[in-house]
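Chain and residue survey
Chain residues, written in single-letter form:
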Amino acid sequence: MKNQAHPIVVVRRRKHKGHGGGHHGGSWKIAYADFMTAMMAFFLVMWLISISSPKELAQIADYFKTPLSAAITGGQRIADSSSPIPGGGDDVTQQQGEVKKNPDIDELKKRMETSRLKRLRDQLDQLIEADPKLRALRPHLQIDLVQEGLRIQIIDSQNRPMFKNGSAEVEPYMRDILRSIAPLLNDIPNKISLSGHTDDLPYAMGERGYSNWELSADRANASRRELMYGGLTDGKVLRVVGMASTMRLTDRGPEDAINRRISLLVLNKQAEQAIVHENAESDNQPLSTLKEPAAVAPAQSTLPPQPGTR
């Protein structure tokens, strides 16, 4: 019995055909990891776009229109340009300085700026509707998109004037309006122009003494100070002017209250550049410094010589 041999049983395992079969396969994990990596990269790009300024977006779009050779070998642009990416433009032969502007990029900038101003207008409407005090003052506010930007006009009335009679002392309700809109103006990069307007009633001394010119300018500056008290950023105001009674809204009479107003204009880039060009000394050279055109030499006659002449 002890010497009797025991049978040996060999179990052969069947191999699964293919790879990754059943729940032991791992190929789906690789595909899923690739998908999650791509999604993370996509959302990272979307986040970077959302925090970029319109100027940076336009510059980045301009860069990707440029061949790599122009981006690498472009001259002064790499050192002097404010672009976040060196190179840019669509002229591959340009080697020195900034290449020419792309008209499509300029149009994109204008559309983005217009969209930004429309969003500001909507925010102002929401602010007015949410605040009972401001909602009661809605008849005194005119908010319009105009050629130069977004215009906000605060209009006087006989029953509720913006300033003390004949002075630049701000009434409380006018102060509430200006201080409430100041934070919204900080959310966009556009500069601001303030102008004061009066009615046609003259002062006793006429324009030789303290007149509507001084009053309108003083009221515009008083409005600027209230915006600053409301939190407006330093350097946001580009211009403060007094227009006296030169720009009337209506011709119903010299004493019409609607002509007494403060006009706050959120300037678009084109209007801002026009104001800067008008007032910057470097952009406006006196005519005396311009070169005189070169004298033109008298043309020689091509007619044959007359008898008795040489």
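Predicted model, so just to flag it, every value in this text is computed and none were measured.

Overview of the overall build of the protein
- Per the secondary structure count, the protein includes nine helices and five strands.
- The 310 residues of the protein split such that 30% are buried.
- When contacts within the protein are restricted to residue pairs at least 6 apart in sequence, those whose partners lie at least 24 apart make up 66%.
- With the model as given, the accessible surface of the protein reaches about 21900 Å², and the carbon-plus-sulfur share is 56%.

Regarding the nonpolar core
- If you look at the biggest cluster of nonpolar residues, it comprises 31 residues, and the most contacted ones within it are L120, L124, M174, L185, L227, L264 and V266.
- The dominant element in this core, judged by the number of residues it contributes, is helix α7 (residues 172–185), at eight residues.

Brief notes about the pattern of salt bridges
- Across all of its chains, the model carries nine salt bridges by this definition.
- Among the ionic pairs, E171 bridges to K164, the shortest N-O distance being 3.7 Å.
- Classification of E171 as buried rests on a relative accessible area of 16%.
- We note a salt bridge from E272 to K269, for which the minimum N-O separation is 3.8 Å. Taken as a pair, E272 and K269 lie in helix α9 (residues 269–279) at a separation of three residues, close to a single helical turn.
- Connected through shared salt-bridge partners, D156, D199 and R260 make up one network.

Brief notes about the confidence of the model for the protein
- Residues with a pLDDT of 70 or more make up 66% of the protein, whose mean pLDDT is 76.
- Predicted confidence in the protein is weakest over helix α4 (residues 77–80), with a mean pLDDT of 42, and strongest over strand β4 (residues 237–242), with 95.
- Counting contacts from residues 86–99, a segment whose pLDDT is below 50, to residues more than four positions away or on other chains yields 32 contacts.
- Between residues 295–310, whose pLDDT stays under 50, and residues either more than four places distant or in other chains, the model counts zero contacts.

Thoughts on the UniProt feature "transmembrane region" (unreviewed entry) in the protein
- When the UniProt feature table is mapped onto this chain numbering, "transmembrane region" (unreviewed entry) sits at residues 30–49.
- Taken end to end, residues 30–49 is 100% helix and 0% strand, and its two terminal C-alpha atoms sit 29 Å from one another.

Thoughts on the side chain of K236
- As for its placement among the helices and strands, K236 is situated in the loop between α8 (212–229) and β4.
- Buried within the structure, K236 lacks any salt-bridge partner; its nearest side chain of opposite charge belongs to D187, at an N-O separation of 8.3 Å.
- In this structure the side chain of K236 is engaged in a polar contact, spanning 3.2 Å, whose partner is the backbone oxygen of L185.
- Among residues more than four places away in sequence, those in contact with K236 are L185, N186, I188, P189, N190, K191 and I192.

The rules behind these values
- Residues numbered from 1 in each chain as written.
- Predicted model: local features only at pLDDT ≥ 70, side-chain atom pairs only at ≥ 80, totals over all residues.
- Heavy atoms only, no water.
- Helix = DSSP H or I, 4+ residues; strand = E, 2+ residues; numbered from the N terminus.
- Buried < 20%, exposed > 50% of the residue type's maximum accessible area, 1.4 Å probe, protein only.
- Contact = heavy atoms within 4.5 Å.
- Areas by Shrake-Rupley, 256 points an atom, 1.4 Å probe, with all protein chains shown as cover.
- Core = buried A, V, L, I, M, F, W, Y, C linked by side-chain atoms within 4.5 Å.
- Salt bridge = Lys/Arg side-chain N within 4 Å of Asp/Glu carboxyl O.
- pLDDT = per-residue confidence, 0-100.
- UniProt positions renumbered as here; feature names shortened; annotations may be inferred.
- Lys, Arg positive; Asp, Glu negative; His and termini not counted.
- Polar contact = N/O pair within 3.5 Å; in protein donor to acceptor, adjacent residues only side chain to side chain.

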